[in-house]
Amino acid sequence: MCLGIPGEVVELVADQPDLARVSVGGVRRAVNIALLEGEEVAPGDWILIHVGFALSRIDEAEARAAMEFLEGIGQAYEDEMDALRESGIG
Amino acid sequence: MRYVDEYRDADKARALAARIAGLCAPGRSYAFMEVCGGHTHTIYKHGIEDHLPENVTLVHGPGCPVCVIPMGRVDDALHLARQPDTIMTSFGDMMRVPGGRQSFLDAKAEGADIRMVYSPLDALRIARQNRDKRVVFMAIGFETTAPSTAVTVQRAAAEKLDNFSVFCNHVTIIPAVKAILDSPDLRLDGFLGPGHVSTVIGCRPYRFIAAEYGKPLVVAGFEPLDILQSIHLLLRQLAEGRCTVENQYARVVPWDGNPKALRALADVMELRPSFEWRGLGTIPYSALRIREAYAAHDAERVFGVPGVRVADPTSCQCGEVLKGVLKPWQCKVFGTACTPETPIGTCMVSSEGACAAYYNFGRFTRTAVREATRT
Ligand code: SF4
């Protein structure tokens with residue numbers, strides 16, 4: 001639950017300004033972007049996701065490093081990704 | 001790939017370890033607390049302590065939100081889960097946390113409708129799909145997760161989903177750190193500040209730790225090199241006679257945090273006059289509750305909870321572990337009566353709890369070897 005997982009914004013959802021479609025470790029999910037401060041997110045941006053919400057922007061290098069690190073931590077990451085796959089935010 | 005080169009390099013780790021050793025004054029010992037359970041996880045997983053000089057120790061702090069939930073609150077949640085036509089939703093981390101008699105898993109086995117969710121928004125979706133049921137979300141976490149709960153409550157209010165409520169157990173990091181600073185049985189030289197909590201609250205709230213308590217704090221990232229670099233920054237401050245808040249994790253943590261998340265939080269939640277923390281006791285103004293304006297979505301107001309205080313089991317030494325007075329393996333039941341499968345204390349439940357992290361990685365660190373040969 002405390003893990004922040006990086007994701008890449010794939011597309012914005014036209015009629016729901018708070019949502020973005022994001023690719024997270026190969027899984028495509030809707031993520032809530034209402035908490036992101038500043039300018040709009042755009043496809044190609046990287047964000048750090050906690051419990052279905054984008055909490056901060058990161059750059060691509062950081063995202064890759066974070067992902068590699070998460071994949072290395074094992075079970076806790078597996079559990080988080082399993083939970084994410086089940087998730088159906090809309 | 002600048003960051004990868006910068007943070008994932010064995011040569012760099014060795015160089016940092018050498019610089020750390022060079023900054024330690026001979027004959028002096030240093031104890032630094034990592035506040036966040038994510039750091040605890042990295043420290044055990046990568047055996048960080050093995051790369052530190054003998055006189056530098058890491059003390060595991062209270063920053064695992066599952067580990068600090070007292071048994072009475074689990075019992076209150078189970079009381080809610082057993083109400084007729086009620087669905088209880090919770091993060092997976094909560095499922096095994098022992099209450100006075102039962103955990104969520106036990107109650108689920110007995111027929112209570114308890115569902116694991118990834119996000120509070122999943123709980124909201126369940127409420128939307130089950131208008132004839134009352135859906136409660138067991139909200140836990142520090143400032144990292146609390147804004148997400150807040151936005152979910154705002155959304156429930158906007159959609160008039162009056163069958164959705166939150167059992168709010170969000171806690172705040174600063175009062176816990178203050179309680180530790182005020183506790184007489186502890187001697188610390190500095191702190192590794194929590195990375196992801198700080199994306200929300202920023203670095204300013206820590207300044208009193210340097211100003212009033214004279215302890216440096218470095219907000220740290222989660223990779224092994226982040227932690228080594230943060231320890232290096234702490235030691236450099238001490239060596240230079242400085243004491244301030246530094247941000248090692250600036251590539252993710254803005255100095256001012258996330259004002260939008262803080263605004264959502266302030267709109268929906270307010271401080272509770274007091275909250276019991278497992279192992280740390282009652283700490284004033286250390287947790288959040290739902291504001292009156294959102295009373296319709298506050299499970300404590302909608303249902304009422306028994307609020308019975310349950311004393312921790314006598315064999316459990318989580319309090320000492322959370323305060324850093326004991327290392328996990330020094331608890332009498334560690335690895336015997338208390339394991340991740342059958343946890344007695346909460347530090348064994350979450351992968352971010354100090355006991356579970358130590359148990360899972362089973363590292364006989366330098367410190368453990370020293371302890372074992374001493375006793
Ligand atoms: S071993 Fe179990 S009871 Fe002992 S401190 Fe750790 S979690 Fe608590």
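Note that this is a predicted model, so its numbers are computed, not measured.

J.: A description of the pattern of salt bridges should follow, citing residues and the corresponding values.
T.: Across all of its chains, the model carries 23 salt bridges over all chains by this definition. The partner of B:Glu341 in a salt bridge is B:Arg96, with the nearest N and O atoms 3.8 Å apart. Of this pair, B:Glu341 sits in the loop between helix H14 (318–322) and helix H15 (354–361) while B:Arg96 sits in the loop between strand E3 (86–90) and helix H5 (104–109); the two residues are 245 residues apart in sequence, bridging distant segments of the chain. One salt bridge in this structure joins B:Arg301 and B:Asp298, with 2.9 Å as the shortest N-O distance. Judged by relative accessible area, which is 5%, B:Asp298 ranks as buried. Through salt bridges with shared partners, a single network forms among A:Glu62, B:Glu223, B:Asp226 and B:Arg251.

J.: Describe the nonpolar core, naming the residues involved and giving the relevant values.
T.: Residues B:Phe164 and B:Tyr206 are the most contacted members of the largest nonpolar core, which totals 120 residues. With residues up to four places along the chain from it excluded, the contact list for B:Tyr206 reads B:Ile173, B:Ile174, B:Pro194, B:Val197, B:Ser198, B:Ile201, B:Leu217, B:Val219 and B:Val245.

J.: Before we move on, can you summarise the environment of A:Leu48 with the specific residues and values?
T.: Residue and element names in this part refer to chain A. Inspection of the secondary structure assignment puts Leu-48 in strand E4 (residues 46–50). Leu-48 sits in the buried class, given a relative accessible area of 4%. Residues Leu-48 and Val-24, 24 residues apart in the sequence, show an inter-C-alpha distance of 9.8 Å.

J.: Which residues make up the interface of chain A and chain B, and what values do they have?
T.: Each side of the interface is counted separately: chain A has 38 residues, and chain B has 45 residues. Along the contact surface separating chain A from chain B lie one salt bridge. Across the pair B:Arg251 and A:Glu62 runs a salt bridge whose closest N-O atoms are separated by 2.3 Å. Counting every contact that joins chain A to chain B gives seven residue pairs in polar contact (both at pLDDT 80 or more). In terms of residues, the side of chain A that touches chain B owes the most to one element, helix H1 (residues 60–73) of chain A, which gives nine residues. Looking at the side of chain A that touches chain B, its residues break down into 21 nonpolar, ten polar and seven charged.

J.: Please set out the domain arrangement of chain B residue by residue, giving values where relevant.
T.: Residue and element names in this part refer to chain B. In terms of domain boundaries, chain B breaks down into domain 1 (4–63 + 180–247), domain 2 (71–173 + 257–302) and domain 3 (318–369). Computed from C-alpha coordinates alone, the two centres of domain 1 and domain 2 are separated by 32 Å. Residue-level contacts link twelve residues of domain 1 with ten residues of domain 2. Interface area for domain 1 against domain 2, summed over the two sides, is near 870 Å², with a carbon-plus-sulfur share of 80%. Where domain 1 touches domain 2, the interface holds zero salt bridges. Summed over the shared surface of domain 1 and domain 2, the result is two residue pairs in polar contact (both at pLDDT 80 or more).

J.: Outline the confidence of the model for chain B, listing residues and values.
T.: All names here are of chain B. Residues of chain B with pLDDT of at least 70 account for 94%, and the chain-wide mean is 88. This stretch, residues 1–7, has a pLDDT under 50; its non-local contacts, to residues over four places away or in other chains, come to 18 contacts. In the predicted complex, the global pTM is 0.89; the interface-specific ipTM is 0.88.

J.: Quick rundown of the sheet that holds E3(B)? Include the residues and the values.
T.: Residues and elements named next belong to chain B. The strand order across the open sheet formed by four strands is E4-E3-E5-E6, and the pairing between neighbours is parallel. Two strands close off the open sheet at either side, each with one partner strand: strand E4 (114–116) and strand E6 (164–170). Sheet twist, expressed as the mean angle between neighbouring strand axes with direction ignored, is 25°. With four bridges connecting them, E3 and strand E5 (residues 134–141) associate as parallel partners. What sits directly across from Thr-86, in E5, is Arg-134. Helix H7 (residues 146–158) rests against E5 and E6 of the sheet, and its axis sits at about 160° to E6.

What counts as what
Residues numbered from 1 in each chain as written. Chains lettered and ligands numbered in written order. Predicted model: local features only at pLDDT ≥ 70, side-chain atom pairs only at ≥ 80, totals over all residues. Heavy atoms only, no water. Salt bridge = Lys/Arg side-chain N within 4 Å of Asp/Glu carboxyl O. Helix = DSSP H or I, 4+ residues; strand = E, 2+ residues; numbered from the N terminus. Buried < 20%, exposed > 50% of the residue type's maximum accessible area, 1.4 Å probe, protein only. Core = buried A, V, L, I, M, F, W, Y, C linked by side-chain atoms within 4.5 Å. Contact = heavy atoms within 4.5 Å. Polar contact = N/O pair within 3.5 Å; in protein donor to acceptor, adjacent residues only side chain to side chain. Nonpolar A, V, L, I, M, F, W, Y, C, P; charged D, E, K, R; others polar. Domains from an automatic or database assignment. Buried area = accessible area lost by both parts, 1.4 Å probe. pLDDT = per-residue confidence, 0-100. Pairing = 2+ DSSP bridges. Axes fitted to C-alpha atoms, helices over the stretch in contact; angles between N-to-C directions.

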